Every structure is written in structure tokens, then in C-alpha cells.
Amino acid sequence: MTSPDLAALRPRLPSPVEEITDRRFGRHGVRLLLKRDDLIHPDLIGNKWRKLAPNLAAAAGRTVLTFGGAYSNHLRATAAAGRLLGLRTVGVVRGQELADRPLNPSLTRCAADGMRLHFVDRSTYRRKTEPETLAGVLREVDAEDAYVVPEGGSNSLAVRGCRALGEELRARADVDVVALACGTGGTLAGLAAGLAPDQRVLGIPVLKGGFLGTDVAALQERAFGGRQGAWSLDDRFHFGGYARVPAELAAFAEDFEDRHGLPVERLYVAKLLYGLVAMADEGAFPRGSTVAAVVTGRPFP
């Protein structure tokens, strides 16, 4: 088997950087830049390209099996990659009860792109990284030789792939803080490793639980042999957990879209931008600071 030709997909790299004029930052003497990773590729958007590309190369034409919830951006990106590159993909979906229900728009897109969906109960899903459980899932879908990508796409290859994001921003000497919303922490782990010593990363977890710091440190240990870069997390802006978009957050996102003409993805990017506005008001960024917010996705559908 041979590796797919990822260059044929023509990713837009490095992704562009745009300055946003917003009085909520300007009144505190803070510049806001947007690192538009959502413009890398129309189907493999943002950090999904950076994390999936090295894994797709390593798969070398084998079936790609991965995991996610019913609204997983990662599942959609993997399915799209399969369609574009002619790869067989399998998505293991959390929640056996979903098997007998109509597919939601996210899973409908996965299926339309050729992904085989395999639903498992939540107990099995929690044990998905255990060798015996994983082997059982692979047998059930008749894909024992599949290349397995973890939930969210965060493994050592993905983390090293995301280092390029930090390297692109390292070239911007005016950037003091790089901020991004975090799910599994792989993008933050790689980004931090690519930045300059005087730049730092601020992560906004979109899941509650306070576990992400340990996960990021472990990802960096596996990818680089130890902690890399200056990074921290602020756990205050998850709004109740993944896929939770209460009215306050939805209104904020709509207002940001109206102010700047930028579509705001609700599950990650809205929480990031909300958190940055709140922190600017708190004086978290010294006057004269430049913050670069990584736009990792677009609204779906």
C-alpha cells in the first residue's frame, strides 16, 4: 500500500492571519488577530488538517478507523478525507441507542462521504483504548488491519503535525499570546512546541472536568519527550460541557458575526472568543499585548 497524495488536496498553508478591530479589546490596549486555520481546506478544516494529514500518510492506504460522538467534527473530517483520497473509513460512535434513530446532520454527512458508522454502548466506548476492547471492535467491523486514530485525532503524529501551527506564528514577532479552544488537547500540545520562547499559549477547554492539563502534558511527553513551551488553561468557559451552547453564548456568537462578518463556529470558536473578551475585561492581557486567536473551524451545517 502507498500513502495518499495529500498535496493533491492543495491545502492553504500557512493559513492567513487577519487583524480584527474590536473596541472590547482596543479599550484595553490589546490587539486581536485571527489565525484563520478554518481556511486551510474546505473539507479538512483547521486543526483537523494538521492532525489528520500525518496520520493519513501513516495509514498508507489502509482502512482508517476512529472514534467520536454524534456531533464530532473529527468524524466528519475523517470521512471527508476518505472520500477525497479514496480511503475506506470507519467511525465508532459513542451511544448504542443512536443506532435505531435517524442520523443527525453530522452523522448523515459522514455516511454520505462513505464512512461506515458503528455504534457502541457508552461503557464499551469508555474502554476503547484497552487492547481487548479495541480488538473486539476491530473484529466486529471486519477491519482488524485498520489504522486506528484516537478520538479527536490526538496522538503523537498529530501533535507533531500541529507544531507547524506554532512555527507559523513564531514568525510573527508581534504575537505575545496564542489562544485556542481545546477538546482533546493535541493541537495545544503541538502548537506550544512550535512557538518562540517569549510567546505563550492560552487554552480554553470546551469540556468540563479539569483533566486537560494532565492530558496535554502526557501528549507532549509522548511526542517530544517532555513538556514544551509556555502554556496554560482557563477552565471557566466550557458553558456546561461539549456541545452545550446556551442562549448567552449563542447571542455572543451572533453579535461577533454581525460586528465582523465572520461565521463563528459555536462548539469551540465561540467559547474561545467569549473567554478572550472576558479576560480582556479582567485585565489578563497587559496594554500593548497582541493576542492571536486560532479559528479552528466553521459552523456546521
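Preceding block: the structure.
Residues numbered from 1 in each chain as written. Predicted model: local features only at pLDDT ≥ 70, side-chain atom pairs only at ≥ 80, totals over all residues. Heavy atoms only, no water.

Caption draft 1: Quick look at the overall build of the chain. Counting secondary structure elements, the chain contains 11 helices and 10 strands. Computed over the C-alpha atoms, the radius of gyration of the chain is 19 Å, within 12% of the 19 Å expected from 2.2 N^0.38 for a compact globule of 301 residues. Its C-alpha atoms give the chain principal-axis dimensions of about 60 × 40 × 35 Å. Relative to its 301 residues, the chain shows a buried fraction of 55%. Long-range pairs, those at least 24 residues apart, make up 75% of the contacts in the chain between residues at least 6 apart in sequence. For the chain, the exposed surface amounts to about 12900 Å²; the carbon and sulfur share of it is 50%. (Helix = DSSP H or I, 4+ residues; strand = E, 2+ residues; numbered from the N terminus. Rg over C-alpha atoms; globule rule 2.2 N^0.38 Å. Buried < 20%, exposed > 50% of the residue type's maximum accessible area, 1.4 Å probe, protein only. Contact = heavy atoms within 4.5 Å. Areas by Shrake-Rupley, 256 points an atom, 1.4 Å probe, with all protein chains shown as cover.)

Caption draft 2: Structural view of the pairing of strand S10 (residues 290–294). The buried fraction of S10 is high, at five of five residues. By the alternation rule, side chains of S10 split into Thr290, Ala292 and Val294 and Val291 and Ala293, which are all buried. Bridge count between strand S2 (residues 31–35) and S10: five bridges; the pairing is parallel. The residue bridging Arg31 from the neighbouring strand is Thr290, located in S10. In this sheet, S10 lies alongside strand S7 (residues 177–182) in parallel orientation, the contact comprising three bridges. Bridging across to S10, Val178 finds its partner in Ala292. (Pairing = 2+ DSSP bridges.)

Caption draft 3: Summary view of the sheet that holds strand S5 (residues 116–120). An order of S5-S4-S3-S6 is seen for the four strands of this open sheet, with the pairing classed as parallel. Bordering the open sheet on either side are S5 and strand S6 (147–148), each of which pairs with just one other strand. Contacts between helix H6 (residues 131–140) and the sheet are confined to strand S3 (64–68), strand S4 (89–94), S5 and S6, with S5 contributing the most and set at about 135 degrees to the helix. (Axes fitted to C-alpha atoms, helices over the stretch in contact; angles between N-to-C directions.)

Caption draft 4: Local environment of the nonpolar core. Counting residues in each nonpolar core, the largest one holds 35 residues, and the members touching the most others are Leu34, Leu202, Leu273, Leu276 and Phe285. Broken down by secondary-structure element, the contributors of at least two residues to this core are S2, S7, strand S8 (200–205), helix H10 (247–260), helix H11 (269–282) and S10. With 10 residues, H11 is the largest single contributor of residues to this core. Not counting chain neighbours up to four residues away, the residues in contact with Leu34 comprise Pro16, Val17, Glu18, Ile20, Leu262, Leu273, Ala293 and Val295. By size, the runner-up hydrophobic cluster in this structure holds 21 residues, among which are Leu165, Leu180, Cys182 and Leu191. (Core = buried A, V, L, I, M, F, W, Y, C linked by side-chain atoms within 4.5 Å.)

Caption draft 5: Local environment of the pattern of salt bridges. Summed over all chains, the structure comprises 21 salt bridges. Between Arg122 and Glu97 there is a salt bridge whose closest N-O contact spans 2.6 Å. Here Glu97 lies in the loop between S4 and helix H4 (105–112) and Arg122 lies in helix H5 (residues 122–126), a separation of 25 residues in the sequence. Overall, the relative accessible area of 32% leaves Glu97 in the partly exposed class. Among the charged side chains, a salt-bridge network with shared partners connects Glu19, Arg31, Arg172 and Asp174. (Salt bridge = Lys/Arg side-chain N within 4 Å of Asp/Glu carboxyl O.)

Caption draft 6: Focus on the sheet that holds S10. The strand order across the open sheet built from six strands is S1-S2-S10-S7-S8-S9, with neighbouring strands paired in mixed fashion. Looking along the sheet, the strands with just one partner apiece sit at the ends: strand S1 (17–20) and strand S9 (230–233). Neighbour to neighbour, the strand axes of the sheet diverge by 25 degrees on average, direction disregarded. In terms of strand pairing, S8 meets S9 through four bridges, oriented parallel. In the sheet register, Leu202 faces S9, and the bridge partner there is Ser232. Each of S7, S8 and S9 touches helix H9 (residues 212–224); the most contacted strand, S9, lies at about 150 degrees to it.

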